[in-house]
Amino acid sequence: MLMVLSRIAREQPLIVVLGEFHWVDEPSRQLVRRFVGTLPHRPILVLITSRPPGDSSVFGDSQAVDVIHVRDLATEDCRRLVSDRFVDFAQARPLIEQILEKGGGNPYYLLAIVDDLVERGVCQVDKKGGKNKLLWMDKKSVLQIPPTVDGLVSARLDRLDPKVRAILRMAAVLGRIF
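Small disclaimer: the values here were computed from a predicted structure and weren't measured. (Residues numbered from 1 in each chain as written. Predicted model: local features only at pLDDT ≥ 70, side-chain atom pairs only at ≥ 80, totals over all residues. Heavy atoms only, no water.)

Trainee: Requested: an account of the overall build of the protein, with residues and values cited.
Mentor: Scanning the protein for helices and strands turns up seven helices and four strands. Counting across all 178 residues of the protein, residues that qualify as buried make up 26%. A sequence separation of at least 24 residues applies to 57% of the contacts in the protein between residues at least 6 apart. By element, 57% of the accessible surface of the protein is carried by carbon and sulfur atoms, the whole surface being about 12,600 Å². (Helix = DSSP H or I, 4+ residues; strand = E, 2+ residues; numbered from the N terminus. Buried < 20%, exposed > 50% of the residue type's maximum accessible area, 1.4 Å probe, protein only. Contact = heavy atoms within 4.5 Å. Areas by Shrake-Rupley, 256 points an atom, 1.4 Å probe, with all protein chains shown as cover.)

This is the structure in C-alpha coordinates:
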(Lines give C-alpha, C1' and ligand atoms only; values in the text may rest on other atoms or scores of the structure.)
Protein backbone atom coordinates (compact mmCIF):
# COMPACT_ATOMS: atom_id res chain seq x y z
CA MET A 1 0.00 0.00 0.00
CA LEU A 2 2.80 2.41 0.86
CA MET A 3 4.43 1.82 -2.52
CA VAL A 4 1.16 2.47 -4.36
CA LEU A 5 0.51 5.71 -2.49
CA SER A 6 4.10 6.86 -3.01
CA ARG A 7 3.84 6.08 -6.72
CA ILE A 8 0.64 8.13 -7.02
CA ALA A 9 2.26 10.99 -5.09
CA ARG A 10 5.15 11.06 -7.58
CA GLU A 11 2.66 11.88 -10.35
CA GLN A 12 0.38 14.27 -8.47
CA PRO A 13 -0.27 15.61 -4.97
CA LEU A 14 -2.22 13.18 -2.82
CA ILE A 15 -4.70 13.52 0.04
CA VAL A 16 -5.24 10.51 2.31
CA VAL A 17 -8.14 10.64 4.78
CA LEU A 18 -8.23 8.21 7.71
CA GLY A 19 -11.40 8.63 9.75
CA GLU A 20 -12.31 7.19 13.14
CA PHE A 21 -8.63 6.53 13.87
CA HIS A 22 -9.40 5.71 17.50
CA TRP A 23 -10.69 2.31 16.25
CA VAL A 24 -7.45 1.41 14.45
CA ASP A 25 -5.63 -1.78 15.49
CA GLU A 26 -1.90 -1.84 16.27
CA PRO A 27 -0.68 -3.24 12.91
CA SER A 28 -2.58 -0.48 11.07
CA ARG A 29 -1.20 2.11 13.48
CA GLN A 30 2.35 0.90 12.69
CA LEU A 31 1.64 1.09 8.95
CA VAL A 32 0.47 4.70 9.31
CA ARG A 33 3.56 5.49 11.42
CA ARG A 34 5.80 4.23 8.59
CA PHE A 35 3.74 6.11 6.01
CA VAL A 36 3.89 9.36 7.98
CA GLY A 37 7.68 8.97 8.08
CA THR A 38 7.76 9.39 4.28
CA LEU A 39 5.73 12.62 4.29
CA PRO A 40 8.56 15.18 4.29
CA HIS A 41 9.70 13.76 0.94
CA ARG A 42 6.32 13.51 -0.81
CA PRO A 43 3.47 15.88 -1.78
CA ILE A 44 1.01 14.07 0.52
CA LEU A 45 -1.53 15.45 2.94
CA VAL A 46 -2.80 12.96 5.52
CA LEU A 47 -5.93 13.94 7.42
CA ILE A 48 -6.65 11.75 10.42
CA THR A 49 -9.74 12.17 12.58
CA SER A 50 -9.97 10.68 16.04
CA ARG A 51 -12.07 11.13 19.13
CA PRO A 52 -10.41 12.20 22.36
CA PRO A 53 -8.05 11.27 23.74
CA GLY A 54 -6.50 11.12 20.25
CA ASP A 55 -3.19 9.29 20.17
CA SER A 56 -0.76 11.50 18.28
CA SER A 57 2.20 9.25 19.14
CA VAL A 58 1.63 7.56 15.77
CA PHE A 59 3.29 10.61 14.19
CA GLY A 60 6.53 10.28 16.12
CA ASP A 61 8.75 13.36 15.94
CA SER A 62 7.73 14.28 12.41
CA GLN A 63 8.03 17.97 11.60
CA ALA A 64 5.48 17.43 8.84
CA VAL A 65 2.64 16.94 11.30
CA ASP A 66 0.27 19.48 12.80
CA VAL A 67 -2.15 18.18 15.41
CA ILE A 68 -5.34 20.21 15.74
CA HIS A 69 -7.56 19.54 18.74
CA VAL A 70 -11.21 20.37 18.09
CA ARG A 71 -12.99 21.24 21.28
CA ASP A 72 -16.63 20.92 22.21
CA LEU A 73 -18.95 23.60 20.92
CA ALA A 74 -19.55 26.36 23.50
CA THR A 75 -22.77 26.04 25.50
CA GLU A 76 -24.38 29.11 23.92
CA ASP A 77 -23.52 27.88 20.43
CA CYS A 78 -25.07 24.50 21.25
CA ARG A 79 -28.19 26.23 22.57
CA ARG A 80 -28.46 28.30 19.38
CA LEU A 81 -27.89 25.24 17.18
CA VAL A 82 -30.69 23.26 18.84
CA SER A 83 -33.14 26.10 19.52
CA ASP A 84 -32.92 27.27 15.90
CA ARG A 85 -34.58 23.98 14.94
CA PHE A 86 -37.74 24.88 16.90
CA VAL A 87 -40.62 27.21 16.05
CA ASP A 88 -41.04 28.44 19.62
CA PHE A 89 -37.97 28.42 21.85
CA ALA A 90 -39.94 29.30 25.00
CA GLN A 91 -42.40 26.43 24.48
CA ALA A 92 -39.61 23.92 23.76
CA ARG A 93 -37.13 25.22 26.34
CA PRO A 94 -37.46 22.28 28.80
CA LEU A 95 -36.88 19.81 25.95
CA ILE A 96 -33.99 21.85 24.56
CA GLU A 97 -32.30 21.91 27.98
CA GLN A 98 -32.56 18.11 28.21
CA ILE A 99 -31.10 17.74 24.72
CA LEU A 100 -28.20 20.06 25.64
CA GLU A 101 -27.54 18.15 28.86
CA LYS A 102 -27.37 14.81 27.03
CA GLY A 103 -25.52 16.02 23.94
CA GLY A 104 -22.74 17.95 25.59
CA GLY A 105 -20.77 20.04 23.13
CA ASN A 106 -20.95 17.59 20.21
CA PRO A 107 -22.96 19.26 17.42
CA TYR A 108 -23.41 16.01 15.50
CA TYR A 109 -24.83 14.29 18.58
CA LEU A 110 -27.13 17.23 19.37
CA LEU A 111 -28.64 17.20 15.89
CA ALA A 112 -28.86 13.40 15.88
CA ILE A 113 -30.86 13.60 19.13
CA VAL A 114 -33.26 16.07 17.54
CA ASP A 115 -33.65 13.84 14.46
CA ASP A 116 -34.32 10.87 16.74
CA LEU A 117 -37.05 12.82 18.56
CA VAL A 118 -38.69 13.61 15.22
CA GLU A 119 -38.60 9.94 14.21
CA ARG A 120 -40.21 8.95 17.50
CA GLY A 121 -42.95 11.57 17.19
CA VAL A 122 -41.81 13.59 20.20
CA CYS A 123 -41.29 16.50 17.80
CA GLN A 124 -42.92 17.26 14.45
CA VAL A 125 -42.07 19.48 11.53
CA ASP A 126 -44.32 22.55 11.49
CA LYS A 127 -46.03 22.27 8.11
CA LYS A 128 -47.41 25.81 8.33
CA GLY A 129 -44.12 27.60 8.84
CA GLY A 130 -42.40 26.26 5.72
CA LYS A 131 -38.95 26.60 7.28
CA ASN A 132 -38.51 23.02 8.54
CA LYS A 133 -38.90 24.23 12.12
CA LEU A 134 -40.06 21.81 14.80
CA LEU A 135 -42.87 21.71 17.30
CA TRP A 136 -42.61 19.80 20.58
CA MET A 137 -45.66 17.53 20.42
CA ASP A 138 -45.36 14.83 23.08
CA LYS A 139 -44.58 16.73 26.26
CA LYS A 140 -45.57 13.83 28.51
CA SER A 141 -43.14 11.25 27.20
CA VAL A 142 -40.02 10.54 29.22
CA LEU A 143 -37.01 11.58 27.23
CA GLN A 144 -34.82 8.52 26.79
CA ILE A 145 -31.63 9.30 24.91
CA PRO A 146 -28.80 6.76 24.58
CA PRO A 147 -25.61 8.10 26.21
CA THR A 148 -23.45 7.82 23.06
CA VAL A 149 -23.72 8.65 19.37
CA ASP A 150 -23.24 4.95 18.58
CA GLY A 151 -26.07 4.04 20.93
CA LEU A 152 -28.34 6.64 19.35
CA VAL A 153 -27.58 5.45 15.82
CA SER A 154 -28.11 1.82 16.91
CA ALA A 155 -31.47 2.70 18.47
CA ARG A 156 -32.55 4.44 15.26
CA LEU A 157 -31.45 1.46 13.17
CA ASP A 158 -33.29 -0.93 15.50
CA ARG A 159 -36.56 0.88 14.75
CA LEU A 160 -36.24 0.20 11.02
CA ASP A 161 -38.18 -2.56 9.32
CA PRO A 162 -36.20 -5.85 9.51
CA LYS A 163 -35.96 -6.03 5.70
CA VAL A 164 -34.48 -2.54 5.53
CA ARG A 165 -31.98 -3.42 8.29
CA ALA A 166 -30.91 -6.51 6.31
CA ILE A 167 -30.30 -4.36 3.22
CA LEU A 168 -28.29 -1.86 5.30
CA ARG A 169 -26.12 -4.67 6.69
CA MET A 170 -25.32 -5.84 3.17
CA ALA A 171 -24.67 -2.29 1.97
CA ALA A 172 -22.33 -1.65 4.91
CA VAL A 173 -20.18 -4.60 3.83
CA LEU A 174 -20.11 -3.42 0.22
CA GLY A 175 -18.94 0.07 1.10
CA ARG A 176 -20.07 3.48 -0.07
CA ILE A 177 -20.39 2.63 -3.77
CA PHE A 178 -22.42 -0.39 -4.84
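Trainee: Go over helix H4 (residues 89-103), please, and point to the residues and values.
Mentor: In a regular helix each residue adds 1.5 Å, so 15 residues correspond to 21 Å; H4 covers only 18 Å between its end C-alpha atoms and thus falls short of that length. Along its length, H4 reaches its greatest deviation from straightness, about 40°, at Leu-95. Within the span of H4, buried status applies to Ala-92, Leu-95, Ile-96, Ile-99, Leu-100 and Gly-103. The inward-facing, buried residues of H4 contact helix H3 (75-83), helix H5 (107-119), strand E3 (123-125) and strand E4 (134-136). If you check the start of H4, you find a side-chain oxygen 3.1 Å away from the backbone N of Ala-90, and it comes from Asp-88. (Expected span 1.5 Å × (residues − 1). Bend = angle between axes of the 7 residues up to and from the residue. Polar contact = N/O pair within 3.5 Å; in protein donor to acceptor, adjacent residues only side chain to side chain.)

Trainee: Residues and numbers for the environment of Asp-126, please.
Mentor: Looking at where Asp-126 falls in the secondary structure, it is placed in the loop between E3 and E4. The class of Asp-126 is buried, set by a relative accessible area of 14%. Taking the C-alpha atoms as reference points, Asp-126 and Trp-136, 10 residues apart in sequence, are found 9.6 Å from one another. Among all residues touching Asp-126, those that are not within four sequence positions of it are Val-87, Lys-133, Leu-134 and Leu-135.

Trainee: Now, about H5: what can you tell me, with residues and values included?
Mentor: Turn by turn, an α-helix covers 3.6 residues, leaving residues three or four places apart pointing in a common direction. With 13 residues, H5 extends 18 Å between its outermost C-alpha atoms, agreeing within 8% with the 18 Å of an ideal straight helix rising 1.5 Å per residue. Looking at H5, one finds that the buried residues are Tyr-109, Leu-110, Ala-112, Ile-113, Val-114, Asp-116 and Leu-117. Residues of H5 that are buried sit in contact with H3, H4, E3, E4 and helix H6 (149-158). Its side-chain oxygen at 3.0 Å from the backbone nitrogen of Tyr-108, Asn-106 defines the N-terminal cap of H5. Trailing H5 by a residue or two, Gly-121 shows a phi angle of about 85°, which is positive.

Trainee: Describe in detail the pattern of salt bridges, supporting the description with residues and values.
Mentor: Following the criterion strictly, the structure yields nine salt bridges and no others. Here Arg-156 and Glu-119 are joined by a salt bridge, their closest N and O atoms 2.4 Å apart. Taken together, the residues Arg-156 in helix H6 and Glu-119 in helix H5 connect sequence positions 37 residues apart. Taking relative accessible area as the criterion, Arg-156 reaches 22% and is therefore assigned partly exposed. (Salt bridge = Lys/Arg side-chain N within 4 Å of Asp/Glu carboxyl O.)

Trainee: Could you give me a rundown of the nonpolar core, with the residues and numbers involved?
Mentor: Membership of the largest hydrophobic core comes to 22 residues, with the highest contact counts inside it found for Val-82, Phe-86, Leu-95, Ile-99, Ile-113, Leu-117 and Cys-123. Elements supplying a minimum of two residues to this core: H3, H4, H5, E4 and H6. Examining the composition of this core, we find that six residues originate from one element, H5, more than from any other. In this view, Ile-113 contacts Ile-99, Lys-102, Gly-103, Ile-145 and Leu-152; residues no more than four positions away in its chain are not counted. (Core = buried A, V, L, I, M, F, W, Y, C linked by side-chain atoms within 4.5 Å.)

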